Structure formats: structure tokens, C-alpha cells
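Close look at the chain arrangement
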Amino acid sequence: MKINLARNTHVPIFKRRRTGKTDYSKRKSMIISRSVILSIRISNKHSTFQFIEPKIVGDAIKSSGHSSQINKLGWKGSGKSLHGLYLTGYLAGKKAKSAGLDKAILYIGRREFHSGLKIVCALKGVINAGISIPVDKDILPDDEKFKTDTVKKIIDEINSKYG
């Protein structure tokens, strides 16, 4: 009896690739480079920032920030608005600085990156907090966009808490 192997050649596509969350070729290069990765995820209501040290056996999260944390500091707006993303990025950057991190590489999965995205405002907050991230400065929005009284008040609160 012969078994026809040609019929059973299903190649599985990993779920994280199907959903657009993981680009495995980029992930491999980041594991080899041994750099800290900044992962930004925006959901329907909130945003999450994680500073991750990738390893083959499993990633280690060095620092993180969530948009619900800026609500505790007095932010009444949405966690996924432009100002909310900026503040959450600033908070996550300050927490990472206090954890001893000073540089990272942005990782957004298989999504495209260009000017005008919400992730760019989030990245601006992390950079203004003092984390060095390689990005073209022309893509980032102006600082004047985030100079409202409420944003300044919450930034002062973050600076007093995380120095």
C-alpha cells in the first residue's frame, strides 16, 4: 500500500501572523540584535506600551504602561485619542527610564508605519520622556500640538512621580 504524501502538504500559518500581530522575520532579527523592543498596541478603548527584552525561550517585559494609568492621574479623555496616546507614551517612557532603560526599537507587528498615524503621537511621548528610539524626525508631530493645560498638568504629575 502506497501513501500519497502530496495530498497532505498543508502548511500551517501561525495565528499571530494571520492576525497581523507578529512578523517573524523582524522578530528573528530583533532577537539576534539583543535590543529592547517597544511594543505599542491600541485597542478599542485603551493603549498598552511594553518594553520587551526578546529571548528565544520567552520574552521578558522590563517596563510597561497602560492608558488606564493616566486616568488615575486626572486624564478624563479617551486612552486612544492623540493626546491620550501621547500621555500614555510619556508615562511609559518615564517608567522605563526609572527602570534603567534608555533606548529601544519600535515594533508594531506587520502594520505599516508612516506619518499621520496614532502610533506616531504615542512614539512622540516616549521620545519626549527621554527614551532614544531610531525614527525619522520629520514624521513626528510638533510639540505645539500637545501644549494644552490638561496635558501640561498631567505631565507635571508624571514628572513628580517618576522624576
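This text gives an overview of the structure that appears in the document. Only a predicted model underlies this, so the values are computations on that prediction, with no experimental measurement involved.

**Comments concerning the packing of helix α4 (residues 82–98) against helix α6 (residues 149–162)**
Here α4 crosses α6 at 15 degrees, and the two axes come no closer than 10 Å. Looking at the two axes, α4 sits roughly parallel to α6. As for how α4 packs across α6, the hand of that crossing is right-handed. Two secondary-structure elements touch here, α4 through His83, Tyr86, Leu87, Tyr90, Leu91, Lys94, Lys95 and Ser98 and α6 through Val151, Ile154, Ile155, Ile158, Asn159 and Tyr162. Counted by class, the contact of α4 with α6 contains nine nonpolar, three polar and two charged residues.

**A word on the nonpolar core**
Leu38, Phe51, Leu106, Leu123 and Ile133 are the most contacted members of the largest nonpolar core, which totals 22 residues. Of all the secondary structure elements, the ones that give two or more residues to this core are β1 (37–42), β2 (47–53), α4 and α5 (118–128). The biggest single contributor to this core is α5, with six residues. Those residues in contact with Leu123 that lie beyond four places of it in its chain are Leu38, Ile40, Leu106, Phe113, Ile133, Val135 and Leu140. Counting residues in each nonpolar core, the second largest holds 14 residues, with Leu73, Tyr86, Leu91 and Ile154 among its members.

Criteria and thresholds
- Residues numbered from 1 in each chain as written.
- Predicted model: local features only at pLDDT ≥ 70, side-chain atom pairs only at ≥ 80, totals over all residues.
- Heavy atoms only, no water.
- Axes fitted to C-alpha atoms, helices over the stretch in contact; angles between N-to-C directions.
- Helix = DSSP H or I, 4+ residues; strand = E, 2+ residues; numbered from the N terminus.
- Parallel < 35°, antiparallel > 145°, perpendicular 65-115°, else oblique.
- Left-handed = near helix turned anticlockwise from the far one by under 90°.
- Contact = heavy atoms within 4.5 Å.
- Nonpolar A, V, L, I, M, F, W, Y, C, P; charged D, E, K, R; others polar.
- Core = buried A, V, L, I, M, F, W, Y, C linked by side-chain atoms within 4.5 Å.
- Buried < 20%, exposed > 50% of the residue type's maximum accessible area, 1.4 Å probe, protein only.

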